Structure formats: C-alpha cells, structure tokens
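Structural characterization, general
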Amino acid sequence: MTTLYEGAFAKVNLTLDVLGKREDGYHDLKSVMQTLSIRDDIEIDVGTGKPWKLLCDKEGIPTDERNLAWKAARVYCDAMKKDPNGLEIRITKRIPSEAGMGGGSADAAAVLRALNRHFGEPLSVMALAELGAQVGSDVPFCVMCGTAMVEGRGERLRKLPDLPECFFVVVKPDFSCSTAELYKKLDETEIAKRPDHQAMESALLAGDLGKIAENIWNVFDPLVTAEHLEMNYIKSIFNSYGAVAFQMTGSGSAVYAIVPSFEYAAVICNMLRENYPQVFIGKPV
Ligand code: ATP
C-alpha cells in the first residue's frame, strides 16, 4: 500500500462575468481566478485491497461517491483504465463550504494530481484539467492553479501573470447563497456593471496591484449585498483597515479583501474574528 499526500488549494474569483445562458442550460462565464494558500489536506491510501472509503474531519460533507474527491478518483481510474486495488481518501477540511471558494473542486483536483503522479504522470497538467471538467466546472482551474482566465463553463483556461506580493483576508458569513437562484436572478435582471477583462489583463501584465484592485468585479456581488446587509458591514471593516480591494467570491457567500501586507491582514482578521468565526488569511499561490 502507498500513501499519497496532496494540498487542495482554495480559489477566489478576482473577476466574474456571466455572459449568457446556453442552450444546454449552463451559463457561459468569464472569470479571472486566483489560487490561495488556504487549503485542505488530502491523503490517499492506494492498494488497500478493500472497498473504496472516504473520511472527512468535517461534518456535513458527503463521504461516499457524491464527494467530488471520490468522483475525481473514479473519473481518473476509468479514463486511464487503472485499478488502484482499493482506495482510502482522507480529507482534512479548512476551506469553508458553500463559500464560492471551490472547496469540493479543490479536493477533486488534488486527487487527480495525486493519482496522476502515482501512475507516473501519464497526463499533462492541461490534459488532467480537461479530465477534471467531467467532475465539475471549477475543477480544471483547481488542477492548474495560479492566476488564469477561465471561460466557457470553466473548461477553457489561459495562464495569466502571477499577482504581485499581497495578502488575502477571507470571511465566510453564516448565511449561504443558492447558486441556482442567483443565476436565475441574474437572467432576469440587466447587469449594470461588468468586469473590464482587458484592463484586468493589462494590470496583471504590469504587476500593478492598484490597477488590479480597480478592476476587481463580480456580477453576483451586488445581488447578494442587496439582500444581506452584513456584507456592507464586512466591507466597511475592510475599507477602514487598509484593504486595496474587496469583493464576494463566486456565488458567495465568502468575501475577501486584498491587503498589501501581513500586518494589515492581521489587524482586519482580529477586527472580524469578534463576530465571525470563519476568517482566514491567505497568500496567492
Ligand atoms: P464553489 O466555489 O465551487 O461554488 P462552494 O464553495 O459553493 O464551491 P463546496 O465547498 O465545493 O462549496 O461545497 C459545496 C457542496 O458540495 C457541499 O455542501 C457538499 O455537500 C458538496 N461536496 C462534495 N464534495 C465535497 C468536498 N470534497 N468538499 C466539500 N464539499 C463537497
């Protein structure tokens, strides 16, 4: 039996635009995604000789074939025609759920990377990302990591320059948002402001954190902020304590701030911890 170890890194959306609904019912997206150092840890025993098993230290996460990590292992073994002779997947969860941070997708991507390494890297990163699309829309990006332009349902990826040195403070409020309902609402309303992706790409190329901050925009943010006024409270703390930008990630409900130094991040973190148990500090990776 061999044990594999892999980090599963959270993502945030620096930009998120919904371009329209497709005939297959999915939406076409355009988003600059960023991997953060906030992570789950994945351990996989390969060759247990027993039926597949999944353990997770956090309650409320499925521990059977509904778990995206399990699904990823299944997709990999089927596609590559590999029989691992029994798997046990153990997940140590730190990425908050229903946050828009791609927690399940990150775990799935980590399983794909770990199994691919175990079997001698038969797939390139891009081929592995393509396989990940069978597991979930955010999985291809989570396989690739870094900073990237993500399009389509999440399967079209283009690497972008890394973010300049900075820190992220992420807060997960208590409430959750229904992604399906948010898409429905968006379909029914005129999107008043969309991200300027050309300007964001130029800012990233120039490594200009101020300009990157100016171009952070998620079309879901105004919808959620209008319904949950505590988003304004969180943002006012971010604004008062030195954040260069703040925004909800994905379809929420986590909100992040970008700050220029760890000192700022620590101050904001301490301010918010009084009211929010789920506050995290991360770096772009
Ligand atoms: P996204 O940013 O992709 O929208 P999310 O932040 O909304 O993700 P996840 O952490 O991916 O949320 O979890 C959403 C749901 O997916 C959970 O409530 C859980 O039931 C299910 N799920 C399946 N596999 C996992 C996993 N490995 N980790 C967490 N949740 C999982």
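Note: the structure precedes this text.
The present account deals with the structure reproduced in this document. (Residues numbered from 1 in each chain as written. Predicted model: local features only at pLDDT ≥ 70, side-chain atom pairs only at ≥ 80, totals over all residues. Heavy atoms only, no water.)

**Side note on helix α9 (residues 230-240)**
- Along α9, the residues that are buried comprise Met231, Ile234, Lys235, Ile237 and Phe238. Angularly, the buried residues of α9 cover 155° about the axis, an arc narrow enough to put them on a single face. In α9, the exposed residues that point more than 90 degrees away from the buried face are Asn239 and Ser240.
- Those residues of α9 hidden inside the fold are in contact with β8 (167-171), α8 (221-227), β10 (245-248), β11 (255-259) and α10 (262-273).
- At the exit of α9 stands Gly242, carrying a positive phi of roughly 90°. (Buried < 20%, exposed > 50% of the residue type's maximum accessible area, 1.4 Å probe, protein only. Helix = DSSP H or I, 4+ residues; strand = E, 2+ residues; numbered from the N terminus. Arc of directions from axis to C-beta. Contact = heavy atoms within 4.5 Å.)

**Section: the environment of Met126**
- The residue Met126 is located in helix α3 (residues 125-132) in this model.
- Setting aside residues no more than four positions away along its own chain, Met126 makes contact with Met144 and Leu157.

**Considering the environment of Ala266**
- Turning to its location among the elements, Ala266 is positioned in helix α10.
- Through-space distance from the C-alpha of Ala266 to that of Phe167 is 9.9 Å; in sequence the pair is 99 residues apart.

**A look at the environment of Phe238**
- Following the sequence through the fold, Phe238 ends up in helix α9.
- Between the alpha carbons of Phe238 and Glu274 there is a distance of 14 Å; along the sequence they are 36 residues apart.
- Apart from the residues lying within four places of it in its own chain, the contact partners of Phe238 are Val169, Val171, Ala243, Phe246, Val255, Tyr256, Ala257, Ile268 and Leu272.

**As for the site of the ligand**
- Neighbouring the ligand are 19 residues; Asn67, Gly100, Gly102, Gly104 and Asp138 lie closest to it.
- At 2.8 Å from an oxygen atom of the ligand is found a main-chain nitrogen or oxygen belonging to Gly104.
- Between a nitrogen atom of the ligand and a side-chain N or O atom of Asp107, the distance comes to 2.9 Å.
- In the complex, the protein chains occlude 79% of the 610 Å² of accessible area that the ligand would expose alone.
- Here the ligand is seated within the largest pocket.
- Here the residues of the shell around the ligand sort into six nonpolar, seven polar and six charged. (Near = heavy atom within 4 Å. Polar contact = N/O pair within 3.5 Å; in protein donor to acceptor, adjacent residues only side chain to side chain. Areas by Shrake-Rupley, 256 points an atom, 1.4 Å probe, with all protein chains shown as cover. 1 Å grid on protein atoms, 1.4 Å probe; cavity = no way out; pocket = protein on both sides within 12 Å on 5 of 7 lines; lining within 4 Å. Sits in = over half its atoms within 2 Å of the grid points. Nonpolar A, V, L, I, M, F, W, Y, C, P; charged D, E, K, R; others polar.)

**Remarks on the side chain of Asp45**
- In this fold, Asp45 is placed in strand β3 (residues 27-46).
- A distance of 2.7 Å separates the side chain of Asp45 from the side chain of Thr3, its partner in a polar contact.
- Asp45 has contacts with Met1, Thr2, Thr3, Gly86, Leu87, Glu88 and Arg90, leaving out every residue within four places of it along the chain.

**What about the packing of aromatic side chains?**
- On inspection of all chains with the given rule, the structure shows six aromatic pairs.
- Judged by centre distance (5.5 Å) and plane angle (45°), the rings of Phe168 and Tyr256 are tilted. One end of the pair, Phe168, is in strand β8; the other, Tyr256, is in strand β11, and 88 residues separate them in sequence.
- The class for Tyr256 is buried, based on a relative accessible area of 0%.
- Positioned above the aromatic ring of Trp52, the side-chain terminus of Arg74 is 4.1 Å from the ring centre.
- Lys193 extends its terminal NZ or CZ atom over the ring of Trp217, reaching a point 4.0 Å from the ring centre. (Phe/Tyr/Trp six-rings, centres within 6.5 Å; stacked < 30°, edge-to-face > 60°. Lys NZ or Arg CZ within 6 Å of the ring centre and 35° of its normal.)

Note that every value here comes from positions in space, so none of it alone points to a role or purpose.
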